[in-house]
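What follows is the residue order along each chain.
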Number of protein chains: 2
Amino acid sequence: MSSRVTLADVAQRAGVSTQTVSRVVNHNPAVRPETRARVLEVIGELGYRPNTVARSLATRRTMTFGIVVPDIGNPYFADVVRGAEDAARGLGYQILLCNTDQMPERELTAIEAFQEKQVDGIILCSTRIPEEDLPDTLRTHTPIVLTGREWVEGAVGAVHADDDRGLLLAIKHLLQRERRNIVFAAGRPGGPGHARRMRAWHEFADSAGYCAEQLVAIPCATNPAGGQEAASQALRDNPEVDGIVCFNDLVAIGAVHACIEAGKRVPEDVAVVGMTDIALASLVEPPLTTVGHAKHELGKQAVAMLVDHLASRAHEREIVLKTELVVRASAP
Amino acid sequence: MSSRVTLADVAQRAGVSTQTVSRVVNHNPAVRPETRARVLEVIGELGYRPNTVARSLATRRTMTFGIVVPDIGNPYFADVVRGAEDAARGLGYQILLCNTDQMPERELTAIEAFQEKQVDGIILCSTRIPEEDLPDTLRTHTPIVLTGREWVEGAVGAVHADDDRGLLLAIKHLLQRERRNIVFAAGRPGGPGHARRMRAWHEFADSAGYCAEQLVAIPCATNPAGGQEAASQALRDNPEVDGIVCFNDLVAIGAVHACIEAGKRVPEDVAVVGMTDIALASLVEPPLTTVGHAKHELGKQAVAMLVDHLASRAHEREIVLKTELVVRASAP
DNA sequence: CACGCAAATGTGAACGCTAACATGCTAGAT
DNA sequence: ATCTAGCATGTTAGCGTTCACATTTGCGTG
């Protein structure tokens, strides 16, 4: 029956001031052991629990972070959120969650709602807010860390995977296996990560002396349906296609389906490489070769950065997490 | 630059009292249109944003629900949380998330932390708090809705899927396909849903006149590894096994692997049926036949129940969501 | 033309806590 | 005995809202 017991109730019963009780609750050492014991006893008797809303009003800290993701149902973001929550919990912070389905207006609404709730910081994952609006959005007193994209003016920092190198790993892997007609199912143009991956794609094409035609990038939705569509289009345009690199693993799964539908064997006829290595990747048939991301770590680092910032501790402006090629059956 | 602007700042600048500004912000009709316009203008100029922490202290409502799940990385709970957040957002509520990895102490800690944060309600998913401790835990002023298990004294309500019937559907499906040596990979004894599914299992065995030996239930961890272990044990004990029903889809995926490892073909030699129909189920090879759960709906209903309760509206004490058999290749 | 009534606005106080300072007390130094 | 450090505790004033009431204003009525 822990109900409406306040500091004052405890103070009165224990015969001390509210301030002393507050000190006990907050582990302030400046309390005589006997007094502390007495207060703790009364706290136990009365079942007192501090009211963090009142505490937050007084301290101007809520010990809460908000995290904005496109969709927690997407295993990628589930892992990122999990990492963030683990780190936050360890540091005494709690996590407010908001899904936006990649709708910029909903991202903005979420940020404002979080700010009104006085969160101590916000983690904005793979935002779809247009590049040009971002600085304005970030120009606020609430620290914001970005994930899945580069740092931009106004943000406390950014945490993302090394997609450039990841993409390179994937392409090189395919080239070494004598794949010569490689296609990139590139995700949504304008979407987070798209520009970076495209840049890497073209840089590589140039440096390797490839003629542009040999490296085709096809925009697509970042889910199985998008991958299926992109892959079947690619195979229609050029039946010689023997390698597909995908924006993420969900796209790759769709691409695999498209190949099979088109009568191609994976990996014999077409090798498929995914990205991010979600749990799913090792469970589908064939298991996906993929460029692994440290998703859990991503969430953790985002929280760590926020906490460092709040403590006025120096920290990187941008953290780039290593990617690694995980070779499975879809591109052995 | 939306910083520390308060109601008082707005009031002073607009030449009215804080109360009037408060009325405008809260859409209280008892304000002259001209006054309202003036106040709104100043709010715009100053970039005022209400401080919900202060508001919550005064109103004793935080417009926040806490949700406790074993692991958001598990696609089942990701869907439930997504459903809850969707419903909550639509009603102006926000969601605090906590993962517990099925550790009862962490569930208790989470509940307490949420209470200190004065959440308006808690959704406790598939709790592993021992049956006998549950009433004490629930005996609190914060409304708690349970999911994934039956209602228990003290809870506002419970929302869960009709596993009894679901399990029946699975078994009957296998029997109709002339499978005669059926095994149940039953999940963790004492875990949520375990008792209910076991009861259904035995009830069916009795009613169908089966001798107990023909329906074996094997406890296992509720993940692919658990399923793999349980299935390989079952096949070792009885090579005749031709049907495996699984606690959930992750277990089913493990069971499929075990079958293949043991040289059995799925579904020709052994038919495998999963439960809950996570997105993964249709993407593995072979695609899983499974008993579908309305996961998104589960989260939604939990929130709806909480909101009804807070509004002192009548509501069911227990909502049982229908399950349906989704037939795919693993048990055609 | 005073009267009363409703609509519009204002006035404390409260929500439960902490920050910052003030006070009282004990004990060692002088 | 007196002074003074320094520890333990108390006091006061917010934190930014809303609540419950009090007050003012405008307007139709007898």
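Residues numbered from 1 in each chain as written. Chains lettered and ligands numbered in written order. Predicted model: local features only at pLDDT ≥ 70, side-chain atom pairs only at ≥ 80, totals over all residues. Heavy atoms only, no water.

J.: Explanation requested: the overall build of chain A in the structure shown.
T.: What chain A contains, in helices and strands, is twelve helices and twelve strands. For 332 residues, the compact-globule estimate of 2.2 N^0.38 gives 20 Å, and chain A exceeds it by more than 25% at 25 Å. Each of the three principal axes of chain A carries a C-alpha extent, and together these read 85 × 40 × 30 Å. A sequence separation of at least 24 residues applies to 68% of the contacts in chain A between residues at least 6 apart. Accessible surface computed for chain A: about 13900 Å², of which carbon and sulfur atoms make up 51%. Between the mean site of the 35 positive side-chain charges and the mean site of the 42 negative ones, chain A shows a separation of 8 Å. (Helix = DSSP H or I, 4+ residues; strand = E, 2+ residues; numbered from the N terminus. Rg over C-alpha atoms; globule rule 2.2 N^0.38 Å. Contact = heavy atoms within 4.5 Å. Areas by Shrake-Rupley, 256 points an atom, 1.4 Å probe, with all protein chains shown as cover. Lys, Arg positive; Asp, Glu negative; His and termini not counted. Charge placed at Lys NZ, Arg CZ, Asp CG, Glu CD.)

J.: Looking at this structure, I do not really get the protein's contact with DNA strand C. What am I missing?
T.: Lining the immediate surroundings of DNA strand C are 25 residues, of which Leu-7, Ser-22 and Tyr-48 of chain A together with Ser-17 and Thr-35 of chain B lie closest. Taken together, the sugar and phosphate atoms account for 64% of what DNA strand C places within 4 Å of the protein. Leu-7 of chain A is positioned such that a nitrogen or oxygen atom in its backbone is 2.4 Å from a phosphate oxygen of DNA strand C. At 2.9 Å, a side-chain N or O of Arg-60 of chain B approaches a phosphate oxygen of DNA strand C. Secondary structure elements with two or more residues in the surface near DNA strand C: helix H2 (18-25) and helix H4 (52-59) of chain A together with helix H2 (18-25) and helix H4 (52-59) of chain B. Here the surface near DNA strand C gets four residues from one element, more than from any other, and that element is H4 of chain A. Looking at side-chain class alone, the surface near DNA strand C contains ten nonpolar, eleven polar and four charged residues. (Near = heavy atom within 4 Å. Polar contact = N/O pair within 3.5 Å; in protein donor to acceptor, adjacent residues only side chain to side chain. Nonpolar A, V, L, I, M, F, W, Y, C, P; charged D, E, K, R; others polar.)

J.: Just checking my understanding: could you explain the interface of chain B and chain A for this structure?
T.: Accessible area lost on assembly of the parts is the figure often given for the size of an interface. Listed by partner, the interface residues are 49 residues for chain B and 49 residues for chain A. Both faces combined, the contact of chain B with chain A buries some 4400 Å², and carbon together with sulfur accounts for 53% of it. If you look at where chain B meets chain A, you find eight salt bridges. In this structure, Arg-49 of chain B engages Glu-116 of chain A in a salt bridge whose closest nitrogen and oxygen atoms are separated by 2.8 Å. Seen at the junction of chain B and chain A, the total is 24 residue pairs in polar contact (both at pLDDT 80 or more). Those elements giving two or more residues to the side of chain B that touches chain A turn out to be H4, helix H5 (75-90), strand S2 (94-99), helix H6 (104-116) and helix H11 (249-261) of chain B. Split by residue class, the side of chain B that touches chain A holds 20 nonpolar, 14 polar and 15 charged. Of the strand pairs in this sheet, strand S2 (residues 94-99) of chain A and S2 of chain B are connected by three bridges, and their pairing is antiparallel. Paired with Leu-96 of chain A across the bridge in S2 of chain B is Leu-96 of chain B. (Buried area = accessible area lost by both parts, 1.4 Å probe. Salt bridge = Lys/Arg side-chain N within 4 Å of Asp/Glu carboxyl O. Pairing = 2+ DSSP bridges.)

J.: Please explain the protein's contact with DNA strand D as it appears in this structure.
T.: Around DNA strand D, a shell composed of 26 residues is seen, among which Thr-35 of chain A together with Leu-7, Gln-19, Ser-22 and Tyr-48 of chain B lie nearest. Backbone atoms, meaning sugar plus phosphate, form 63% of the atoms of DNA strand D positioned within 4 Å of the protein. In this structure, Arg-23 of chain A approaches DNA strand D through a side-chain N or O atom, which is 2.8 Å from a base oxygen. Between DNA strand D and Gln-19 of chain B there is a distance of 2.3 Å, counted from a base nitrogen to a side-chain nitrogen or oxygen. Listed by contribution, the elements that provide at least two residues to the surface near DNA strand D are H2 and H4 of chain A together with H2 and H4 of chain B. Looking at which element gives the most residues to the surface near DNA strand D, the answer is H4 of chain B, with four residues.

J.: How should I be thinking about the environment of Val-156 of chain B in this particular structure?
T.: Residue and element names in this part refer to chain B. Here Val-156 lies in the loop between strand S4 (144-147) and strand S5 (157-161). Between the C-alpha atoms of Val-156 and Ile-122, which are 34 residues apart in sequence, the distance is 9.8 Å. With residues up to four places along the chain from it excluded, the contact list for Val-156 reads Pro-143, Ile-144, Val-145, Trp-151, Met-305, His-309, His-315 and Arg-317.

J.: Looking at this structure, how should I read the sheet that holds strand S3 (residues 121-125) of chain B?
T.: Each strand in a sheet pairs with another by means of backbone hydrogen bonds, the pair being arranged parallel or else antiparallel. Spatially, the twelve strands line up as an open sheet ordered S11(A)-S5(A)-S4(A)-S3(A)-S1(A)-S2(A)-S2(B)-S1(B)-S3(B)-S4(B)-S5(B)-S11(B), and their pairing is mixed. Strand pairing shows two members of the sheet lacking a second neighbour, strand S11 (318-321) of chain A together with strand S11 (318-321) of chain B, which therefore form its edges. The sheet shows a mean angle of 20 degrees between the axes of neighbouring strands, taken without regard to direction. As paired elements, S5 of chain B and S11 of chain B share four bridges and run parallel to each other. Opposite Ala-158 of chain B, over in S11 of chain B, you have Glu-318 of chain B as the bridge partner. (Axes fitted to C-alpha atoms, helices over the stretch in contact; angles between N-to-C directions.)

J.: When you look at the relation of the copies chain B and chain A in this model, what are you seeing that I'm missing?
T.: Put simply, the second copy of the chain is the first one after a rotation about an axis and a shift along it. The transformation that overlays chain B on chain A combines an axial shift of 0.0 Å with a rotation of 180 degrees, and the residual RMSD is 0.1 Å. Considering both components of the superposition, the chain copies are consistent with a two-fold axis. The residues that chain B uses at the interface reappear at the interface of chain A in 100% of cases, marking a shared surface. (Least-squares fit on C-alpha atoms with pLDDT ≥ 70 in both.)

J.: What's the story with the packing of helix H1 (residues 7-14) of chain A against helix H3 (residues 33-46) of chain A in this structure? I'm lost.
T.: For any two helices packed against each other, the geometry is given by the interaxial angle and the distance between the axes. Residues and elements named next belong to chain A. Interhelical geometry of H1 versus H3 gives an angle of 120 degrees and a closest axis separation of 9 Å. Between H1 and H3, the angle falls in the class oblique. When the axes of H1 and H3 are compared, the crossing they make is right-handed. On H3, the residues that touch Asp-9, Val-10, Arg-13 and Ala-14 of H1 are Arg-38, Val-39, Val-42, Ile-43, Glu-45 and Leu-46. When the residues that make up the contact of H1 with H3 are grouped by side-chain class, the tally is six nonpolar, no polar and four charged. (Parallel < 35°, antiparallel > 145°, perpendicular 65-115°, else oblique. Left-handed = near helix turned anticlockwise from the far one by under 90°.)

J.: Hey, could you run me through the packing of aromatic side chains in this one?
T.: One pair of aromatic rings is described through two measures. These are the centre distance and the angle between the planes. All names here are of chain A. This structure, assessed with the given rule, holds four aromatic pairs over all chains. When the centroid spacing of 4.3 Å and the interplanar angle of 5 degrees are considered together, the rings of Phe-65 and Tyr-93 count as stacked. Highlighted residues: Phe-65 in strand S1 (residues 64-69) and Tyr-93 in the loop between helix H5 (75-90) and S2, separated in sequence by 28 residues. In this structure, Arg-317 is placed above the aromatic ring of Trp-151, and the distance from its NZ or CZ to the ring centre is 3.7 Å. (Phe/Tyr/Trp six-rings, centres within 6.5 Å; stacked < 30°, edge-to-face > 60°. Lys NZ or Arg CZ within 6 Å of the ring centre and 35° of its normal.)

J.: Whenever I open this one, the pairing of strand S5 (residues 157-161) of chain A confuses me. Can you help?
T.: Put simply, side chains in a regular strand alternate between the two faces of the sheet. Residue and element names in this part refer to chain A. Counting buried residues along S5, five of its five residues qualify, which places the element largely inside the surrounding structure. Residues Gly-157, Val-159 and Ala-161 point to one face of S5 and Ala-158 and His-160 to the other, with burial holding for every one of them. In this sheet, S5 lies alongside strand S4 (residues 144-147) in parallel orientation, the contact comprising three bridges. Residue pairing in the sheet places Thr-147 in a bridge with Val-159 of S5. (Buried < 20%, exposed > 50% of the residue type's maximum accessible area, 1.4 Å probe, protein only.)

J.: Quick question: what am I supposed to make of the pairing of strand S3 (residues 121-125) of chain A here?
T.: All names here are of chain A. Of all five residues making up S3, five are buried, and the element is well covered by its neighbours. Along S3, one buried face is formed by Gly-121, Ile-123 and Cys-125 and the opposite face, lined by Ile-122 and Leu-124, is buried too. Strand direction decides the pairing type here: S1 and S3, joined by four bridges, are parallel. When the sheet's bridge partners are listed, Val-68 is paired in S3 with Leu-124. Sheet analysis places S3 next to S4, joined by four bridges and oriented parallel. Counted as the bridge partner of Ile-123 is Val-145 from S4.

J.: So what exactly am I meant to see when it comes to the nonpolar core here?
T.: One broad trend across soluble globular proteins is that nonpolar side chains are buried collectively. Within the largest apolar cluster, 114 residues are counted, with the highest numbers of intra-cluster contacts made by Ile-67, Ile-244 and Val-272 of chain A together with Ile-67, Ile-244 and Val-272 of chain B. Contact partners of Val-272 of chain A, with chain neighbours within four places excluded, come to Ile-244, Cys-246, Ala-252, Ala-255, Val-256, Cys-259, Val-266, Thr-289, Ser-330 and Ala-331 of chain A. Listed in part, the 34 residues of the second largest apolar core include Val-119 and Leu-146 of chain A together with Ile-122 and Ala-158 of chain B. (Core = buried A, V, L, I, M, F, W, Y, C linked by side-chain atoms within 4.5 Å.)

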